[in-house]
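Architecture and fold: a report
Below are the chains, spelled out letter by letter.
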Amino acid sequence: MTTTKLLTCKNAALIVALFFTVAISGCKKKDITQDETLTGPAKKASTAAIGVPGPKGVCYVEVNSFDIRNVGKYKLSSGEQLFDIAIIFAANINYNTSTQKAVLGFNPNVTNVLNNRTTYIKPLQDKGIKVLLSILGNHQGAGFCNFTSQASATAFAQQLANAVTTYGLDGIDFDDEYAEYGVNGTGQPNASSFVYLVTALRQLMPNKIISFYFFGPAASRLSFNGVTVGSKVNYSWNAIYGSFSPPNVPGLTKANLGPAAVDIQATSSSTAASLATQTINNAYGIYLYYNLPNNDVHTYLSSISSNLYGGKTTTYTP
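Now for a look at the structure at hand. (Residues numbered from 1 in each chain as written. Predicted model: local features only at pLDDT ≥ 70, side-chain atom pairs only at ≥ 80, totals over all residues. Heavy atoms only, no water.)

A few words on the packing of helix α4 (residues 150–167) against helix α5 (residues 193–204). The interhelical angle for the contact between α4 and α5, taken along N-to-C directions, is 45°, at an axis separation of 8 Å. As the angle between them shows, α4 and α5 are arranged oblique. Crossing geometry of α4 relative to α5 is assigned as right-handed. In contact with Gln150, Ala153, Thr154, Phe156, Ala157, Gln158, Leu160 and Ala161 of α4, α5 contributes Ser193, Tyr196, Leu197, Ala200, Leu201 and Leu204. Of the residues in the contact of α4 with α5, the class split is 10 nonpolar, four polar and no charged. (Axes fitted to C-alpha atoms, helices over the stretch in contact; angles between N-to-C directions. Helix = DSSP H or I, 4+ residues; strand = E, 2+ residues; numbered from the N terminus. Parallel < 35°, antiparallel > 145°, perpendicular 65-115°, else oblique. Left-handed = near helix turned anticlockwise from the far one by under 90°. Contact = heavy atoms within 4.5 Å. Nonpolar A, V, L, I, M, F, W, Y, C, P; charged D, E, K, R; others polar.)

In structure tokens form, the structure reads like this:
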């Protein structure tokens, strides 16, 4: 079965129709937990991913359409990799109507990437790039915000941690879209659920990355009983492409936030360059990219890297 996925929430200026196949289920890397402050326009915080200065480049790749290995094809004029983190977009949080429980699901394209990690994932990690798996709602009523107990949230967190271990990933990204809370008799968002979930996942993955795409009901349910989501996740970034909007996640510093977000195939290079300048001027530690295609876009990326790092993106490896 195939459904059409409208990414209106991912780009304020453009509605992108994407066909998303419903999920079927079936190192020595140091964890990035806290970054130093920025040190200047052509300098930035040290990264545990590749050890270069500047805001981290985080890139979502729609693996239904594009190759995740494209993230490793771009280098700065200094010879360093442009991107620090690659995100496989996306696995799903599904709902089993028989057991009435949330289950992790992978569509065929995500399954292909994960099952062939030596082909798709390890080459990026060998270049120092962290690889995360994004988890997205799937129109079935299951979401990050409607677990009713710590036990139910922990059960799903265990599935996520198992996937990270099984496929040799560097962490999990949460994207609270398309859950359609209430479908299949599921509950509406509550105040405790997302906090329960990230708390459990952090306990299960103390040395892995957890990130939050700042959108959906989860974005307004970031604390419960004195525990904040920001104390459990490493990063959060803006969800509206072509805009500059710092996520409000208590517990995260500027070094761990990405207020600038671009859709490589929709945001103009002039806007992307301006957002890079704002990132540096306001001392934030993340710059978010989405929709990296299979073709060479190093000229577009240069308009960003010149302002972030004082150097062009000069290398594209076919």
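So, on to the packing of helix α6 (residues 269–281) against helix α7 (residues 298–309). Following both chains from N to C, one finds α6 and α7 inclined at 20°, their axes separated by 8 Å at the closest point. As far as their axial angle goes, α7 and α6 are roughly parallel. The element α6 and its partner α7 pack so that their crossing is right-handed. Of the residues in α7, those touching α6 at Ser269, Ala272, Ala273, Ala276, Thr277, Thr279 and Ile280 are Tyr300, Ser303, Ile304, Asn307 and Leu308.

Before going further, it helps to examine the nonpolar core. Counting residues in each nonpolar core, the largest one holds 79 residues, and the members touching the most others are Ile88, Ile135, Phe174, Phe194, Tyr287 and Tyr289. Ranked by the residues each element gives to this core, the list is headed by α4, at eight residues. Those residues in contact with Ile135 that sit more than four places away from it in its chain are Ala91, Asn92, Ile93, Leu104, Phe144, Phe156, Leu160, Ile172, Asp173, Phe174 and Asp175. (Core = buried A, V, L, I, M, F, W, Y, C linked by side-chain atoms within 4.5 Å. Buried < 20%, exposed > 50% of the residue type's maximum accessible area, 1.4 Å probe, protein only.)

Turning our attention to the environment of Ala283. Tracing the backbone through its elements, the reader meets Ala283 in the loop between α6 and β16 (286–290). Accessibility expressed as a relative area gives 32% for Ala283, which makes it partly exposed. Remark: the alpha-carbon pair of Ala283 and Ala255, spanning 28 residues in sequence, is separated by 7.4 Å.

This paragraph deals with the side chain of Asp263. In this fold, Asp263 is placed in strand β15 (residues 260–263). Exposure remark for Asp263: the relative accessible area of 1% places this residue in the buried category. Within the local environment of Asp263, its side chain forms a polar contact with the side chain of Asn291, the two groups lying 3.3 Å apart. (Polar contact = N/O pair within 3.5 Å; in protein donor to acceptor, adjacent residues only side chain to side chain.)

Okay, unusual backbone geometry next. Following Phe89, the chain continues into Ala90 via a peptide bond in cis, with omega recorded as 0°. Assignment of secondary structure puts Ala90 in strand β5 (residues 85–96). You will see that Tyr178, though not glycine, has its phi angle at about 60°, which is positive. Here Tyr178 shows up in the loop between β8 (171–175) and α5.

Our focus in this paragraph is the pattern of salt bridges. This structure, assessed with the given rule, holds two salt bridges. The shortest N-O distance in the salt bridge between Asp67 and Arg69 comes to 2.7 Å. (Salt bridge = Lys/Arg side-chain N within 4 Å of Asp/Glu carboxyl O.)

Another point: the layout of surface pockets. For the largest pocket, the calculated volume is near 290 Å³. Taken together, 16 residues make up the lining of the largest pocket; nearest its centre are Gln100, Lys101, Ala102, Phe147 and Ser152. Going through the elements one at a time, β6 (101–105) and α4 are the ones with two or more residues in the lining of the largest pocket. The residue makeup of the lining of the largest pocket, split by class, is six nonpolar, nine polar and one charged. (1 Å grid on protein atoms, 1.4 Å probe; cavity = no way out; pocket = protein on both sides within 12 Å on 5 of 7 lines; lining within 4 Å. Points joined across faces, edges and corners; volume = space filled by probe spheres on them.)

Take α6 next. Over its 13 residues, α6 extends 18 Å from the first C-alpha to the last, a length consistent with the 18 Å expected when each residue adds 1.5 Å. Residues of α6 that are buried in the fold lie against β13 (243–244), β15, β16 and α7. At the C-terminal side of α6, Ala283 shows a positive phi close to 60°. (Expected span 1.5 Å × (residues − 1).)

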